[in-house]
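Overview (structure and organization)
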Amino acid sequence: MEKTQETFIGIDVSKAHLDVHSLPSSEAWQADNTPAGIIALVDKLLLCKPRLVVMEATGGLEIPLACALMEAGLPVAVVNPRQARDFSKAMGKLAKTDKVDARLLALFGERIRPEVRPLKDAEQQLFSQLLARRRQLVDMRVAEQNRWFMAQGNVRGNIEQHLEWLKQHIDDVDKDLGQFVQASPAWKAKEDLLKSFKGVGRIASFTLLATLPELGMLDRKEIAALAGLAPFNRDSGTMRGKRAIWGGRAEVRNLLYMVALVASRSNETIKRFYEKLVQAGKPKKVALTACMRKILTILNAMVRDNQPWNPQREQHA
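First things first, this report covers the structure right here in the doc. (Residues numbered from 1 in each chain as written. Predicted model: local features only at pLDDT ≥ 70, side-chain atom pairs only at ≥ 80, totals over all residues. Heavy atoms only, no water.)

Structural notes on the overall build of the chain
Looking only at helices and strands, the chain features 12 helices and 7 strands. Per-residue burial over the chain gives 40% buried out of 317 residues. Long-range pairs, those at least 24 residues apart, make up 58% of the contacts in the chain with a sequence separation of at least 6. Only carbon and sulfur atoms are counted for the fraction: they give 54% of the accessible area of the chain, which is about 18200 Å². Separation of charge centres in the chain, based on 48 positive and 36 negative side chains, amounts to 9 Å. (Helix = DSSP H or I, 4+ residues; strand = E, 2+ residues; numbered from the N terminus. Buried < 20%, exposed > 50% of the residue type's maximum accessible area, 1.4 Å probe, protein only. Contact = heavy atoms within 4.5 Å. Areas by Shrake-Rupley, 256 points an atom, 1.4 Å probe, with all protein chains shown as cover. Lys, Arg positive; Asp, Glu negative; His and termini not counted. Charge placed at Lys NZ, Arg CZ, Asp CG, Glu CD.)

Next up, the structure:
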């Protein structure tokens, strides 16, 4: 009996268009990145019955299409753009156009078989957007504060007015974030668990809720790799290079760095762990990175076991 060939679809997403490539048929076409265009594309892909549909994360442009495909029951993998670029280089493909990218994404799906992960639901996407807006406002406030020191006269007064405006809007976003969490018993319970760990504050808990929904659902190695805190070997022949972390979710890693800075001073468990590593000769940056991974492991176990932080017990670590 002849085995049916599996179909792999690659979609390059841009603001106006969706470039699609199908393997092994090599059929290629373009659809409009509009609600009507997405509906038509979903209907066509349902007829193809693909084994996997692959697209890159493109700052949110991919979300409407990915959600529509998932709602239709199609298997979708939204991959890190760096993975796709590295694959393209490994294949010796240096040209870059939307059509070429779509074909390479289909090939990436066929050869690599990236894992299908569920997207955030609509409520969590809105929460993430609010959190992103807060970061933007805070960045603007820092920039304006730096300008204020150099400004004089009316310019300084104008900056002060803008700083007051930014403060008010940051406060408004904070209220919206708090209301989101309060409205969801599950999120509120998880927030309370996270905040029980000394070093994780209100905004840190919000960020983890929005950017790491897998917390508590993966084992310690998987969650570390997802956050980009899993050390990778750099060995070749007899040479043994330094282990280094890379990849993963930079936003989560940046947050954990700040949490580790606070916890290494205020959380006795993390403080002892950090000091022990430094006394053993580890560079401070390496010791702090180890604290980040330990904190992530602890938080993951707390959420998994639905148990608040208790420094008297070591079951979280």
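The discussion continues.
Remarks on helix α7 (residues 185–195)
Taken together, the buried positions of α7 are occupied by W187, E191, L193 and L194. Take α7 and look down its axis: the buried residues cluster within an arc of 160 degrees, on one side only. Elements in contact with the buried residues of α7: α5 (122–150), α6 (153–183), α8 (202–211) and α12 (284–305). (Arc of directions from axis to C-beta.)

Focus: the pattern of salt bridges
If you walk through the whole model with that rule in mind, you get 12 salt bridges. Residues R249 and E214 are paired through a salt bridge, measuring 2.8 Å at the closest nitrogen-oxygen approach. Note that R249 is positioned in the loop between β7 (239–240) and α10 (250–266) and E214 in the loop between α8 and α9 (220–227), a separation of 35 residues in sequence. On the basis of relative accessible area, R249 is assigned to the partly exposed category, the value being 26%. Of the residues examined, E214 reaches a relative accessible area of 13% and is grouped as buried. Taken together, the shared-partner salt bridges in this structure form one network comprising E6, R51 and R113. (Salt bridge = Lys/Arg side-chain N within 4 Å of Asp/Glu carboxyl O.)

Side note on the pairing of strand β4 (residues 52–56)
Buried residues dominate β4, accounting for 5 of its 5 residues. Here β4 shows no split at all, with L52, V54 and E56 on one side and V53 and M55 on the other all buried. The sheet contact formed by strand β1 (residues 8–13) and β4 spans 4 bridges and is parallel. Residue pairing for β4: F8 is matched across the bridge by L52. Here β4 pairs with strand β5 (residues 76–79) via 4 bridges, running parallel. Across the sheet, the residue bridging to V54 is A77, located in β5. Running through helix α2 (residues 63–71), the crossover from β4 to the neighbouring parallel element β5 is right-handed. (Pairing = 2+ DSSP bridges. Right-handed = clockwise from strand over helix to strand, strands pointing away.)

So, unusual backbone geometry
Following L23, the chain continues into P24 via a peptide bond in cis, with omega recorded as 10 degrees. Here P24 is to be found in the loop between β2 (17–23) and β3 (27–32).

What to know about the environment of V53
Locating V53 in the fold gives a position in strand β4. Look past the residues within four positions of V53 in its chain and what remains in contact with it is I9, I11, L69, P75, V76 and A77.

A closer look at the sheet that holds β4
Here 5 strands make up an open sheet; going across it, the order is β3-β2-β1-β4-β5 and the pairing mixed. With one partner strand each, in any of the chains shown, β3 and β5 form the two edges of the open sheet. Between one strand axis and the next, the sheet turns by 20 degrees as a mean value, whatever way the strands run. (Axes fitted to C-alpha atoms, helices over the stretch in contact; angles between N-to-C directions.)

Remarks on the nonpolar core
The tendency in soluble globular proteins is for nonpolar side chains to be buried side by side. If you look at the biggest cluster of nonpolar residues, it comprises 32 residues, and the most contacted ones within it are F197, L212, L215, I295, L296 and L299. Mapped by element, the contributors of at least two residues to this core are α8, α9, α10, α11 (268–279) and α12. By residue number, the principal contributor to this core is α12, which donates 10 residues. Excluding anything up to four places from it in sequence, L215 contacts K190, L194, I223, L296, L299, N300 and V303. (Core = buried A, V, L, I, M, F, W, Y, C linked by side-chain atoms within 4.5 Å.)

Comments concerning the packing of aromatic side chains
The description of two aromatic rings rests on the distance between their centres and on the angle between their planes. For the coordinates displayed, the defined rule picks out 6 aromatic pairs. With 4.7 Å between their ring centres and 70 degrees between their planes, F127 and W187 make a pair best called edge-to-face. You can see F127 sitting in helix α5 and its partner W187 sitting in helix α7, a full 60 residues away along the chain. No difference in accessibility class separates F127 from W187, as the two residues are buried. Following the ring pairs from residue to residue traces out a cluster consisting of F127, F180, W187 and F206. Here the basic side chain of R156 rests over the ring of W148, its NZ or CZ set 3.9 Å away from the ring centre. Over the aromatic face of F273 sits the side chain of K294, whose NZ or CZ is 4.9 Å from the ring centroid. (Phe/Tyr/Trp six-rings, centres within 6.5 Å; stacked < 30°, edge-to-face > 60°. Lys NZ or Arg CZ within 6 Å of the ring centre and 35° of its normal.)

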